[in-house]
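Examination of the molecular architecture
Given next are the chains, with one letter for each unit.
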Amino acid sequence: CPSLNTDNDPLRKPLPGMGLLAKKDYPDIDFSKAIMLGDTKGDMGFGRNLGIITALVSENGTFEDVDPELVDYRFKGVQAFADFITTLL
């Protein structure tokens, strides 16, 4: 979203606007089967607001300032997430 935090744009995370727009363009999206991979509490809130599984990634291994209620999985780096996903395939 190109808007600033102060603009109160419904497309800014953690609000679900961007996801809902994507669903309009791609109606086959199934949020219940999606994963929101991110590194901020806004990313995790966005996922929660859409019913998406959330995966928090931290390259430095710290997971501060993110409410545990927003996070389904935590990974120390993108590679750890990729390794996890390949075990599911």
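Keep in mind that this is a model prediction, so the values were computed, not measured. (Residues numbered from 1 in each chain as written. Predicted model: local features only at pLDDT ≥ 70, side-chain atom pairs only at ≥ 80, totals over all residues. Heavy atoms only, no water.)

Here we look at the overall build of the protein chain
Across its full length, the protein chain carries three helices and three strands. Taking the principal axes of the C-alpha coordinates as reference, the protein chain spans close to 35 × 30 × 20 Å. Considering the protein chain as a whole, with its 89 residues, one finds that 28% of them fall into the buried category. Restricting to contacts in the protein chain with at least 6 residues of sequence separation, those with at least 24 account for 25%. A total of about 6,100 Å² of accessible surface is found on the protein chain, and carbon and sulfur atoms cover 56% of it. Across the protein chain, the mean location of the 9 positive side-chain charges is 3 Å away from that of the 14 negative side-chain charges. (Helix = DSSP H or I, 4+ residues; strand = E, 2+ residues; numbered from the N terminus. Buried < 20%, exposed > 50% of the residue type's maximum accessible area, 1.4 Å probe, protein only. Contact = heavy atoms within 4.5 Å. Areas by Shrake-Rupley, 256 points an atom, 1.4 Å probe, with all protein chains shown as cover. Lys, Arg positive; Asp, Glu negative; His and termini not counted. Charge placed at Lys NZ, Arg CZ, Asp CG, Glu CD.)

Re the pattern of salt bridges
Summed over the entire model, instances satisfying the criterion amount to three salt bridges. Here K33 makes a salt bridge to D30, at a shortest N to O gap of 4.0 Å. Taking the relative accessible area as the measure of exposure, D30 reaches 32% and is therefore partly exposed. Between D72 and R48 there is a salt bridge whose closest N-O contact spans 2.9 Å. You can see D72 sitting in the loop between β2 (53-57) and β3 (73-75) and its partner R48 sitting in helix α2 (residues 41-50), a full 24 residues away along the chain. Relative accessible area serves as the criterion here: at 37%, D72 is assigned to the partly exposed category. (Salt bridge = Lys/Arg side-chain N within 4 Å of Asp/Glu carboxyl O.)

As for α2
Residue pairs three or four apart in sequence face the same way in an α-helix, which turns once every 3.6 residues. Across the ten residues that make up α2, a large majority, seven, are buried. G42, D43, M44, G45, F46, G47 and L50 are the residues of α2 that are buried. Contact partners of the buried residues in α2: α1 (17-25), β1 (35-38) and β2.

Remarks on a nonpolar patch on the surface
A contiguous nonpolar surface patch, about 390 Å² in accessible area, is contributed by I35, L37, I53, Y73 and V78. Structurally, the position occupied by V78 is in helix α3 (residues 78-88). (Patch = residues over 30% accessible without salt bridge, like charges linked within 9 Å, V, L, I, M, F, W, Y side chains within 5 Å.)

Focus: the side chain of S58
Following the sequence through the fold, S58 ends up in the loop between β2 and β3. At 2.7 Å, the side chain of S58 forms a polar contact with the side chain of N60. With sequence-adjacent residues up to four places away left out, S58 is seen in contact with F63, F75, K76 and G77. (Polar contact = N/O pair within 3.5 Å; in protein donor to acceptor, adjacent residues only side chain to side chain.)

Let's talk about unusual backbone geometry
Each neighbour pair has its own omega, and for K13 with P14 the value is 15°, a cis peptide bond. Assignment of secondary structure puts P14 in the segment before α1. In this structure, N8 takes a positive phi of about 55° despite not being glycine.

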